[in-house]
Amino acid sequence: MELWFQQKPVWVKTHAIKRARERDIVFPDMVYATILGGKVKRFGKNYIKFMKRYKRGMLICVGEDVGHSIIIKTVEWGN
């Protein structure tokens, strides 16, 4: 499944997949929807958060914008 955001490919690290399984996140559907349709917040120098509200809470995908692509490093539940 290819995922693009602002003409940049989005890659998901293995660490993010492991954390999603530990935190009971139905990985492909919810993360895909969060990146495509959630709010975007940039912080730090190169970091980016994708956030989307669900019944269970806020799903947050934390990634890094490395210039030519975006790498999702972890996935977590927020408030």
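Cut-offs applied
- Each chain has its residues counted from 1, running along the sequence as written.
- Where totals are concerned, whole chains, interfaces and linings use all residues; where local detail is concerned, this predicted model gives features only for residues with pLDDT of at least 70, and gives and counts side-chain atom pairs only at 80 or more.
- Working from all heavy atoms in the structure, the side-chain values ignore hydrogens and water.
- Only Phe, Tyr and Trp rings take part, Trp by its six-membered ring, and two of them pair if their centres are within 6.5 Å. Stacked means planes under 30 degrees apart, edge-to-face means over 60, and tilted covers everything else.
- Secondary structure follows DSSP: runs of H or I at least 4 residues long count as helices, runs of E at least 2 residues long count as strands, and numbering of each begins at the N terminus.
- Note on classification: 1.4 Å probe, protein chains only; a residue is buried when its accessible area is under 20% of the maximum for its type, exposed when over 50%, partly exposed between these limits.
- Two conditions define a charge sitting above a ring: the NZ of Lys or the CZ of Arg must be within 6 Å of the ring centre, and it must be within 35 degrees of the ring normal.

### Thoughts on the packing of aromatic side chains
No. 1: Counted under the stated rule, the structure contains two aromatic pairs.
No. 2: Considering the side-chain rings of Phe5 and Phe50, the 5.0 Å spacing of their centres and the 90° angle between planes classify their relative orientation as edge-to-face. A residue pair is termed long-range when its members are at least 10 positions apart, and Phe5 in strand E1 (residues 4-5) and Phe50 in strand E4 (residues 47-54) qualify at 45 residues.
No. 3: Between Phe43 and Tyr47, the aromatic rings sit 5.8 Å apart at their centres with planes inclined by 25°, giving stacked as the arrangement.
No. 4: Note on Phe43: relative accessible area 30%, which makes it partly exposed.
No. 5: What makes Tyr47 partly exposed here is its relative accessible area of 35%.
No. 6: Sitting above the plane of the Phe43 ring, Lys49 keeps its charged end 5.2 Å from the centroid.

Spatial relationships are all this shows, so hold off on functional conclusions.
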